[in-house]
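# Structural features, examined
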Amino acid sequence: MYFDDDARQASIQARLAELRHRHRDLDSTIDALQQAAYVDQLRLRRLKKQKLQLKDELEKLESLLIPDLDA
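Residues numbered from 1 in each chain as written. Predicted model: local features only at pLDDT ≥ 70, side-chain atom pairs only at ≥ 80, totals over all residues. Heavy atoms only, no water.

## Side note on helix H2 (residues 41-64)
- Its 24 residues place the ends of H2 35 Å apart at the C-alpha level, agreeing with the 34 Å of an ideal helix rising 1.5 Å per residue.
- Every buried residue belonging to H2 is among Leu44, Leu47, Leu54, Leu58 and Leu61, and all of these are buried. (Helix = DSSP H or I, 4+ residues; strand = E, 2+ residues; numbered from the N terminus. Expected span 1.5 Å × (residues − 1). Buried < 20%, exposed > 50% of the residue type's maximum accessible area, 1.4 Å probe, protein only.)

Here it is, written out as structure tokens:
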């Protein structure tokens, strides 16, 4: 049982690291796009939406790592 929990946590941690990396990459891309002389507003909106979706997924995964407390 503990092995399954440890493997599950390791899997979640790996996914979190991947998503955080993608989130940072999107942040950098968005910043660079906003600095450009011509800003493609549609692309910018899509990237921001992807970033928000990643943030939502990050929050969901982080909440899975919080241990349940028996009341």
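## Here's the deal with the environment of Arg15
- Tracing the backbone shows Arg15 in helix H1 (residues 2-35).
- Residue Arg15 is classed as partly exposed on the basis of its relative accessible area, which comes to 28%.
- Separated by 43 residues in the primary sequence, Arg15 and Leu58 place their C-alpha atoms 8.7 Å from one another.
- The contact partners of Arg15, leaving out residues within four places of it in the chain, are Arg22, Glu57 and Leu61.
- In terms of polar contacts, Arg15 uses its side chain to reach the side chain of Glu18, at 3.1 Å. (Contact = heavy atoms within 4.5 Å. Polar contact = N/O pair within 3.5 Å; in protein donor to acceptor, adjacent residues only side chain to side chain.)

## A short note on the layout of surface pockets
- Space inside the largest pocket adds up to approximately 150 Å³.
- Lining the largest pocket are Asp5, Arg8, Gln9, Leu64, Leu65, Ile66, Pro67 and Asp68.
- The greatest single-element share of the lining of the largest pocket, amounting to three residues, is contributed by H1.
- In terms of residue class, the lining of the largest pocket is built from four nonpolar, one polar and three charged. (1 Å grid on protein atoms, 1.4 Å probe; cavity = no way out; pocket = protein on both sides within 12 Å on 5 of 7 lines; lining within 4 Å. Points joined across faces, edges and corners; volume = space filled by probe spheres on them. Nonpolar A, V, L, I, M, F, W, Y, C, P; charged D, E, K, R; others polar.)

## Comments concerning the nonpolar core
- One finds Ile12, Leu16, Leu19, Leu26, Ile30, Leu33, Leu44, Leu47, Leu54, Leu58, Leu61 and Leu65 forming the largest nonpolar core, which totals twelve residues.
- Contributing elements (two or more residues each) for this core: H1 and H2.
- Looking at this core element by element, the count peaks at six residues for H1.
- The residues contacting Leu16, other than those within four sequence positions of it, are Leu58, Leu61, Glu62 and Leu65. (Core = buried A, V, L, I, M, F, W, Y, C linked by side-chain atoms within 4.5 Å.)

## Focus on the pattern of salt bridges
- This model, assessed by the stated rule, comprises four salt bridges.
- Glu18 is the partner of Arg15 in a salt bridge, and the nearest nitrogen-oxygen pair spans 3.1 Å. One end of the pair is Arg15 and the other is Glu18, both in helix H1 and three residues apart, which spans about a single turn.
- The exposure class assigned to Glu18 is partly exposed, which follows from its relative accessible area of 39%.
- With a closest N to O distance of 2.8 Å, Glu62 and Arg20 form a salt bridge. Highlighted residues: Glu62 in helix H2 and Arg20 in helix H1, separated in sequence by 42 residues.
- A relative accessible area of 34% places Glu62 in the partly exposed class. (Salt bridge = Lys/Arg side-chain N within 4 Å of Asp/Glu carboxyl O.)

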